[in-house]
Amino acid sequence: MMCGAPSATQPATAETQHIADQVRSQLEEKENKKFPVFKAMSFKSQVVAGTNYFIKVHVGDEEFVHLRVFQSLPHENKPLTLSNYQTNKAKHDELTYF
């Protein structure tokens, strides 16, 4: 993977689900709603001064959201941040930089 370029889309892992779970409350607060399901389906990562994770999350029925989560460098000791998100996504929508 080239530094700065997002990786190819990969199936979500247990680590991806853990990252999504850590920012779930941030998304629910921003959207002012609780999601009955919050299952990471796939992801891309991008190495910057830390790592951006682009995660496709199933949130119930046929509804998906795309999350951009920033993980700072380990020595900075900062929590994960929900940098941006996109709602009204479908299962077939490609994860892209946003």
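Everything that follows concerns the structure shown earlier in this document.
Residues numbered from 1 in each chain as written. Predicted model: local features only at pLDDT ≥ 70, side-chain atom pairs only at ≥ 80, totals over all residues. Heavy atoms only, no water.

J.: Can you help me understand the pattern of salt bridges in this one?
T.: For side chains of opposite charge, pairing can occur when their charged atoms come near one another. In this structure the tally under the stated criterion is three salt bridges. In this structure, Glu-28 engages Arg-24 in a salt bridge whose closest nitrogen and oxygen atoms are separated by 3.0 Å. Of the two residues, Glu-28 and Arg-24 are both situated in helix α1 (residues 14-31); the distance of four residues between them amounts to about one turn of the helix. The salt bridge partner of Lys-34 is Glu-28, with a shortest N-O separation of 3.7 Å. Judged by relative accessible area, which is 68%, Lys-34 ranks as exposed. Here the salt bridges do not stand alone but share partners, grouping Arg-24, Glu-28 and Lys-34 into one network. (Salt bridge = Lys/Arg side-chain N within 4 Å of Asp/Glu carboxyl O. Helix = DSSP H or I, 4+ residues; strand = E, 2+ residues; numbered from the N terminus. Buried < 20%, exposed > 50% of the residue type's maximum accessible area, 1.4 Å probe, protein only.)

J.: Sorry if this is basic, but what is going on with the sheet that holds strand β2 (residues 39-48) here?
T.: One open sheet holds the five strands; their spatial order is β1-β2-β3-β4-β5, and the pairing between them is antiparallel. The two strands at the open ends of the sheet, each matched to only one other strand, are β1 (10-11) and β5 (81-89). In this sheet, β5 lies alongside strand β4 (residues 63-71) in antiparallel orientation, the contact comprising six bridges. Its bridge partner being in β5, Phe-64 is matched across the sheet by Lys-89. Together, β2, β3 (50-60), β4 and β5 form the strand contacts of α1, whose direction differs from that of β5 by roughly 80°. (Pairing = 2+ DSSP bridges. Contact = heavy atoms within 4.5 Å. Axes fitted to C-alpha atoms, helices over the stretch in contact; angles between N-to-C directions.)

J.: So what exactly am I meant to see when it comes to the environment of Thr-81 here?
T.: Following the sequence through the fold, Thr-81 ends up in strand β5. For Thr-81, a relative accessible area of 37% puts it in the partly exposed group. As for Thr-81 and Ser-25, which are separated by 56 residues in sequence, their C-alpha atoms are 11 Å apart. The residues touching Thr-81, leaving out its near neighbours within four places in the chain, are Val-23, Gln-26, Arg-68, Val-69 and Phe-70.

J.: I tried to follow the packing of aromatic side chains on my own but got confused; where do I start?
T.: Between two aromatic rings, the relevant description is the distance of the centres plus the angle of the planes. By the definition in use, this model includes three aromatic pairs. Aromatic pair Phe-35 and Phe-38: ring centres 6.1 Å apart, planes at 40°, arrangement tilted. The same class applies to Phe-35 and to Phe-38, which are both buried. Plain terms: the ring middles of Phe-54 and Phe-98 are 5.8 Å apart, the flat faces sit at 70° to each other, and that makes the pair edge-to-face. In this pair, Phe-54 is assigned in strand β3 and Phe-98 in the segment after β5, connecting sequence segments 44 residues apart. Judged by its relative accessible area of 1%, Phe-54 falls in the buried class. A relative accessible area of 12% places Phe-98 in the buried class. Clustering of aromatic rings is evident, with ring pairs tying together Phe-54, Tyr-97 and Phe-98. (Phe/Tyr/Trp six-rings, centres within 6.5 Å; stacked < 30°, edge-to-face > 60°.)

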